[in-house]
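Each chain is listed here by its residues.
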Amino acid sequence: MSVRIAVAQCAPALGAFKRNLDLHLATIERAREAGAQVVVFPELSLTGYYVKDLATDLACAPDDAALAPLAKAANGIDVVAGFVERSPDARIHIASGYWSGGAVRHVHRKVYPPTYGIFDDARYFARGERFDVFPSALGPAGIAICEDAWHMSTPYLYAVRGAHVLLYVAASPGRGVSEGGDLGTAESCRLMDAFYAQYLTMYVVFVNRVGHEDGIAFWGGSEVVAPDGTVVARAKEFEEDLLVAEIDPLLAARERARNPLLRDERHDLVLRHLAERVGMPRGLKEVLD
Amino acid sequence: MLVAFLRAETAKVGLRRAVVGLSGGVDSAVALALAAEAFGPERVLAVHTPYRTSSPASLEDARAVADRCGVELRVMPITAQIDAYRELVGEEMQRVRLGNKMARERKSIEFDLAWPDGAVIGTSNKTELLLGYGTWFGDMASSLNPVGDLYKTQLRELAVLLGIPERVVKKPPTAELWLGQTDEEELGFTYAQADLILYFLVDRRARPEELLAAGFGAVLVGRIREMVRKSHFKRVTPLIAKVSLRTIGHDFLYPRDWEADR
């Protein structure tokens, strides 16, 4: 009773929406032929990552006609793809959508657009405000876009809200070669994937891109990690790949029986401490007491 | 990673060949080896541009490296045009000024030989770039640079891995600006010293006080910091005076790799 997932580790062209749309349609077909029920593309897969001022040119609503071919292709196979979203009040977001049955069913807006070092997201993009779990072909899922996943509250909140799967889509630049061993970023990502999977007892599907933008190399290395921390499948580094893996939607439940960390989690304590930190909302004290 | 960088970033702008100014030193040797791997040796041209005072040993080393990489080497002396220019100037040219002129002459030749579908491969390493120890729009100029994030010390290690002849890796670095010149003598410190200090200052974001506490000399640390500060203009694009509502470099910010759609 497993669900087959395809991870599209690709190299989108920067600012070339139509070319990227073609790449998506071709990859969706390959995933379909491989028997996948879901195919997941990396962050901003339809536009490229370092779009800068191009962001406003590329932005569209999730149900825009430009995305209609993608929605149409999402029939018999579900699709997660990254795009620049223009909200009804004209904010520009880094977004990932979930298309199923010919229509978009869920959109996650990047909550943490990084703006330091080699990143300048918040200059061009507004912040998302929500972490919503949605029903996917893989079971209840939550989407984390790149930096979202580096904040441990993100997978935590998804797990607390009942997600069995974290779809961690990224445009992760490879760097830190001088530190010895593997790339610093690769080691960090693998550590996160394994840790979140095992300690939140959920699947982590890490989908990273490859290719270059303005001298920066995205390192790939996409992987699927099971709720028991085992690596189900891992893609090559720096090369395009269509990684196919099996996900057992019941494994999280079995793992949680053995390792009931989430069951025993004290949400009330977490809430109380957070409330003490950011101020107690009206009425919350009564609820907690 | 560096080979993939050269392939991807040239393909995007339609460049299919590479030209490398091959001095006989280790930096350009590494750049050539990477370019040969990225483009195939038959699509790479090495060019050696000696002045009459240049050492014949440098030409020999350049030839050895080009042979090792299977790349064609063109020798194009710059003596005639430099001497003609010196005559035109009339007065004695101070040696740094003359070195700058020669560096720009060499780069001009590389860009010419790269026309219309070739990339000029940069050979400036991270140490030189940070210290500003190079000629602005001369040896510092390029289409793209695969070695600019590697310190001299790291470049030497990479050169060994790439099978660059030991003689080239081990010889004292020189810009051959004048007879017998070596970089380390002119700088007054060694690359090993500079690389360590720069690595902590730049890569590890250490404050100078921390370096002094760790035992680095105050004079040397101060001198290196000041070289980095003074030369920063060489590492950025020339300033544009802002007058309009949207200005190149200020608030007209598009990626270099902005690709065509279909």
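## So, the overall build of chain B
(1) Moving on: If you tally the helices and strands in chain B, you get 12 helices and four strands.
(2) Moving on: Relative to its length of 262 residues, chain B is compact, with a C-alpha radius of gyration of 19 Å against a globular reference of 18 Å.
(3) Moving on: Principal axes of the C-alpha set define a box for chain B whose edges measure 50 × 50 × 45 Å.
(4) Moving on: The burial tally for chain B puts 47% of its 262 residues in the buried class.
(5) Moving on: Sequence-distant contacts in chain B: of pairs separated by 6 or more residues, those separated by 24 or more amount to 72%.
(6) Moving on: Averaged over its 35 positive side-chain charges, chain B has a centre that lies 3 Å from the centre of its 35 negative ones.

## Notes on the domain arrangement of chain A
Residues and elements named next belong to chain A.
(1) Moving on: Segmenting chain A into domains produces domain 1 (3-258) and domain 2 (260-289).
(2) Moving on: Relative placement of domain 1 and domain 2: their C-alpha centres are 30 Å apart.
(3) Moving on: Summed over both sides, the interface between domain 1 and domain 2 buries roughly 590 Å², with carbon and sulfur atoms accounting for 68% of that surface.
(4) Moving on: Among the residues of domain 1 in contact with domain 2, Tyr156, Val160 and Arg256 are the three that bury the most area, contributing 58% of the side total.
(5) Moving on: Connecting domain 1 to domain 2 are zero salt bridges.

## Here's the deal with the packing of aromatic side chains
(1) Moving on: Following the criterion strictly, the structure yields 17 aromatic pairs over all chains and no others.
(2) Moving on: Plain terms: the ring middles of Tyr49(A) and Tyr50(A) are 4.6 Å apart, the flat faces sit at 70 degrees to each other, and that makes the pair edge-to-face.
(3) Moving on: Between Phe252(B) and Tyr254(B) the ring centres are 4.9 Å apart and the planes differ by 45 degrees, which places this aromatic pair in the tilted class.
(4) Moving on: Here the aromatic cluster, defined as three or more aromatic residues joined through ring pairs, consists of Tyr49(A), Tyr50(A) and Phe218(A).
(5) Moving on: Its end group placed over the ring of Tyr85(B), Lys101(B) keeps NZ or CZ at 4.4 Å from the ring centre.
(6) Moving on: Cation over ring: Lys152(B) sits above Tyr191(B), and NZ or CZ is 5.3 Å from the ring centre.

## Some points on the sheet that holds strand S2 (residues 38-40) of chain A
In any sheet, the strands associate via hydrogen bonds between backbone groups, in a parallel or an antiparallel arrangement.
Residue and element names in this part refer to chain A.
(1) Moving on: The six strands are arranged S5-S4-S3-S2-S1-S14 in an open sheet whose pairing can be described as mixed. Lying at the two open borders of the sheet, with one neighbouring strand each, are strand S5 (103-109) and strand S14 (241-247). Pairwise comparison of adjacent strand axes, ignoring direction, gives a mean angle of 30 degrees for this sheet.
(2) Moving on: Relative to strand S4 (residues 92-100), strand S3 (residues 78-86) runs antiparallel, the two sharing eight bridges. Residue pairing in the sheet places Val84 in a bridge with Ile94 of S4.

Rules of the game
- Residues numbered from 1 in each chain as written.
- Chains lettered and ligands numbered in written order.
- Predicted model: local features only at pLDDT ≥ 70, side-chain atom pairs only at ≥ 80, totals over all residues.
- Heavy atoms only, no water.
- Helix = DSSP H or I, 4+ residues; strand = E, 2+ residues; numbered from the N terminus.
- Rg over C-alpha atoms; globule rule 2.2 N^0.38 Å.
- Buried < 20%, exposed > 50% of the residue type's maximum accessible area, 1.4 Å probe, protein only.
- Contact = heavy atoms within 4.5 Å.
- Lys, Arg positive; Asp, Glu negative; His and termini not counted.
- Charge placed at Lys NZ, Arg CZ, Asp CG, Glu CD.
- Domains from an automatic or database assignment.
- Buried area = accessible area lost by both parts, 1.4 Å probe.
- Salt bridge = Lys/Arg side-chain N within 4 Å of Asp/Glu carboxyl O.
- Phe/Tyr/Trp six-rings, centres within 6.5 Å; stacked < 30°, edge-to-face > 60°.
- Lys NZ or Arg CZ within 6 Å of the ring centre and 35° of its normal.
- Pairing = 2+ DSSP bridges.
- Axes fitted to C-alpha atoms, helices over the stretch in contact; angles between N-to-C directions.

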